Amino acid sequence: MTGDALLPRPAERHRPWPACRRCCGVALDLSSARTRAWISGRGVVVDVPTVTFAEDGARYPVRRGAVVDVAGGAEVLRRALGHRLPRGARPLVVVAAPALDAVAFRARARAVAGVLRPRAVLTVPGARAVALAAGADLSRPLLVVDVGAHFTEAVLLSEGAVTDARRVALGTGDLDDTVTAQQVADAVATMLTAMLRQDRGSLCAEAVGRGLLLAGGGALRPEVTYRLTGRLPAPVRVVPAPHTAAVRGAAKLLAAAHTHPSAAGTGR
């Protein structure tokens, strides 16, 4: 589901959140290193490691942007949110999803969120969520680069919809003596160059002219932002609190999603 589909019709009205248990909502960002959630009415972001523990040691349910262990991901949510939701609540859940492999991610994210007994699970492209958190103008083409712990994604948005997306399996968790911040910057530059070369309608060129939004934990690393600024052919604007931008953007869609017809069903 795109973010446009979540926007409410002007004539629709509903009670302010959270006026009832049924109106409880949760925004989620299931990332490789951290799981972040925002609960309606709380106004704070729950931020916990995406890890579970067994007899054989630590297990990581999300790897390189893919949910590889549904039961483990559900356990992370149960521990982080189970005691924070109203008793008997059936929350509406909005999940920020990667632009690539979105179909597989949505299916597994719905399965993970099942531990919350949701009445619906909706998804929004993570790049769009970042743009919403930044208050960006979505009526014009926009580039969003998210440097996470285990992968980096570059996304071109047009009117809020994903029109091109690239990913590289490099992130801040890979930075050591063999993987450098310069390599991450070079990888982003390569993705943007490929976008520009395949651009048939000048959308990417216009977006580059506007500059790109930088989000993710990598945006908090000076060595990464410095090299990106020097390597890219576009101005770089770091989103405020870039590590929580995706979940905060998803949170902005909760009230709108509450009035959407699909919220009465099983989500999609």
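Q: Tell me about the pattern of salt bridges, residues and numbers included.
A: Within this structure, the stated rule accounts for 11 salt bridges. Across the pair Arg78 and Glu75 runs a salt bridge whose closest N-O atoms are separated by 2.7 Å. With Arg78 and Glu75 both in helix 1 (residues 70–81), this residue pair falls three residues apart, about one helical turn. Linking Arg140 and Glu206 is a salt bridge whose minimum nitrogen-to-oxygen distance equals 3.8 Å. With Arg140 in the loop between helix 3 (126–134) and strand 10 (142–147) and Glu206 in helix 5 (residues 203–210), the pair connects residues that are 66 residues apart, well separated along the chain.

Q: Before we move on, can you summarise the packing of helix 4 (residues 181–198) against helix 6 (residues 222–231) with the specific residues and values?
A: Here helix 4 crosses helix 6 at 40°, and the two axes come no closer than 8 Å. In terms of their interaxial angle, helix 4 and helix 6 are classed as oblique. Helix 6 is crossed by helix 4, and the crossing has right-handed handedness. Contacts between helix 4 and helix 6 involve Ala181, Gln182, Ala185, Asp186, Val188 and Ala189 from the former and Glu223, Val224, Arg227, Leu228 and Arg231 from the latter. By residue class, the composition of the contact of helix 4 with helix 6 is six nonpolar, one polar and four charged.

Q: Can you explain the nonpolar core? Please cite residues and give values.
A: Most often, soluble globular proteins have nonpolar side chains that are buried together. One finds Val130, Ala131, Leu142, Val144, Leu157, Leu213 and Val239 to be the most contacted residues of the largest nonpolar core, which totals 28 residues. For this core, the secondary structure elements donating two or more residues are strand 8 (92–97), helix 3, strand 10, strand 11 (152–158), strand 13 (212–215) and helix 7 (245–252). Per-element tally for this core: the top contributor is helix 3, with seven residues. Not counting chain neighbours up to four residues away, the residues in contact with Leu213 comprise Ala131, Ala134, Ala136, Leu142, Leu143, Val144, Val145, Arg237 and Val239. If you look at the next biggest cluster of nonpolar residues, it comprises 26 residues, including Ala181, Ala185, Ala187 and Cys204.

Q: Help me get a handle on the sheet that holds strand 10, residues and values and all.
A: Sheets are built from strands that pair by backbone hydrogen bonding, the pairs being arranged parallel or antiparallel. Spatially, the five strands line up as an open sheet ordered 12-11-10-13-14, and their pairing is mixed. The outermost strands of the open sheet, each flanked by one partner alone, are strand 12 (161–168) and strand 14 (236–238). Neighbour to neighbour, the strand axes of the sheet diverge by 25° on average, direction disregarded. Across four bridges, the pairing between strand 10 and strand 13 is parallel. Looking at strand 13, one finds that Val144 is bridged to Leu213.

Q: Report on the packing of aromatic side chains, specifying residues and quantitative values.
A: Per the stated rule, a full pass over the model turns up zero aromatic pairs. Sitting over the ring of Phe151, Arg167 keeps its end group 4.5 Å from the ring centre.

Q: Break down the side chain of Asp29 for me, citing the residues and quoting the values.
A: By the secondary structure assignment, Asp29 is in strand 1 (residues 25–30). Although Asp29 lies buried, it forms no salt bridge, and the closest oppositely charged side chain, Arg36, sits 4.3 Å away as judged by the N-O distance.

Q: Quick rundown of the layout of surface pockets? Include the residues and the values.
A: For the largest pocket, the calculated volume is near 480 Å³. Here the lining of the largest pocket is built from residues that sort into 18 nonpolar, 11 polar and five charged. Approximately 190 Å³ is the volume found for the second largest pocket. If you go around the second largest pocket, the residues you meet are Arg78, Gly82, Leu85, Pro86, Arg87, Gly88, Ala89, Val115, Leu116 and Arg117.

Q: How would you sum up helix 3? Please name residues and give values.
A: The element helix 3 is largely enclosed, with a buried count of nine among its nine residues. Every buried residue belonging to helix 3 is among Gly126, Ala127, Arg128, Ala129, Val130, Ala131, Leu132, Ala133 and Ala134, and all of these are buried.

Q: Before we move on, can you summarise unusual backbone geometry with the specific residues and values?
A: Outside of glycine, negative phi angles account for most residues, and trans bonds account for most peptide bonds. Of note in this structure, Arg117 is not a glycine but carries a positive phi near 55°. One can find Arg117 in the loop between helix 2 (102–113) and strand 9 (120–125). Phi at Ala241 is positive, roughly 45°, even though this residue is not glycine. Structurally, Ala241 can be placed in the loop between strand 14 and helix 7.

Q: Provide a residue-level description of the sheet that holds strand 3 (residues 45–49), including the pertinent values.
A: Reading across from one edge, 3-2-1-8-9 is the order of the five strands in this open sheet, with mixed pairing throughout. A strand with exactly one partner marks an edge of an open sheet, and here the two such strands are strand 3 and strand 9. Averaged over neighbouring strand pairs, the angle between their axes works out to 20° when direction is ignored. For strand 8 and strand 9, the ladder comprises six bridges, and the chain directions are parallel. Along strand 9, the bridge assignment pairs Val95 with Thr123. Where helix 1 meets the sheet, its contacts fall on strand 1, strand 2 (34–39) and strand 3, and the angle it forms with strand 3 comes to roughly 135°. Sheet strands in contact with helix 7 are strand 1, strand 2, strand 3, strand 8 and strand 9, and its direction is about 150° off that of strand 1.

Calculation rules
Numbering of residues starts from 1 in every chain and runs along the sequence as written. In keeping with the model being predicted, local features are shown solely for residues with a pLDDT of at least 70 and side-chain atom pairs are shown and tallied solely at 80 or more, while totals for entire chains, interfaces and linings include all residues. Water and hydrogen atoms play no part in the side-chain values, which are based on all heavy atoms of the structure. Note on definitions: salt bridges are taken to be side-chain nitrogens of Lys or Arg within 4 Å of carboxyl oxygens of Asp or Glu. Starting at the N terminus, helices and strands are each numbered in turn, a helix being any DSSP run of H or I of at least four residues and a strand any DSSP run of E of at least two. Each axis is a line fitted through C-alpha atoms, taken for helices only over the stretch in contact, and angles between the N-to-C directions span 0 to 180 degrees. Roughly parallel refers to an angle under 35 degrees, roughly antiparallel to one over 145, roughly perpendicular to one between 65 and 115, and oblique to any angle outside these ranges. Crossing chirality is assigned from the near helix's rotation relative to the far helix, an anticlockwise turn below a right angle marking it left-handed and a clockwise turn marking it right-handed. Every residue pair with non-hydrogen atoms within 4.5 Å of one another is taken to be in contact. By the convention adopted, Pro, Cys, Tyr, Trp, Phe, Met, Ile, Leu, Val and Ala count as nonpolar, Lys, Arg, Asp and Glu as charged, and the other residues, Gly among them, as polar. Grouping buried Ala, Val, Leu, Ile, Met, Phe, Trp, Tyr and Cys residues that are joined through side-chain atoms within 4.5 Å yields what is termed a nonpolar core. Each residue's exposure class comes from its accessible area (1.4 Å probe, protein chains only) as a fraction of the maximum for that residue type: buried when under 20%, exposed when over 50%, partly exposed otherwise. DSSP bridges decide pairing: two strands pair if at least two such bridges lie between them. Only centres within 6.5 Å qualify two rings of Phe, Tyr or Trp (six-membered ring in Trp) as a pair; their planes then separate them into stacked at under 30 degrees, edge-to-face at over 60, and tilted for everything else. Comment: the charge-over-ring label is applied if NZ (Lys) or CZ (Arg) is within 6 Å of the ring centre and within 35 degrees of the ring normal. Positive: Lys, Arg. Negative: Asp, Glu. His and the chain ends are not part of the count. Every definition here rests on a 1 Å grid over the protein atoms only: cavities are sets of points where a 1.4 Å probe fits but cannot get out, pockets are open sets enclosed by protein on both sides within 12 Å along at least five of seven lines, and lining residues have some atom within 4 Å of a point. Grid points are joined across faces, edges and corners, and a volume is the space filled by probe spheres set on the points.

Read these as layout, nothing more, since geometry by itself doesn't imply function.
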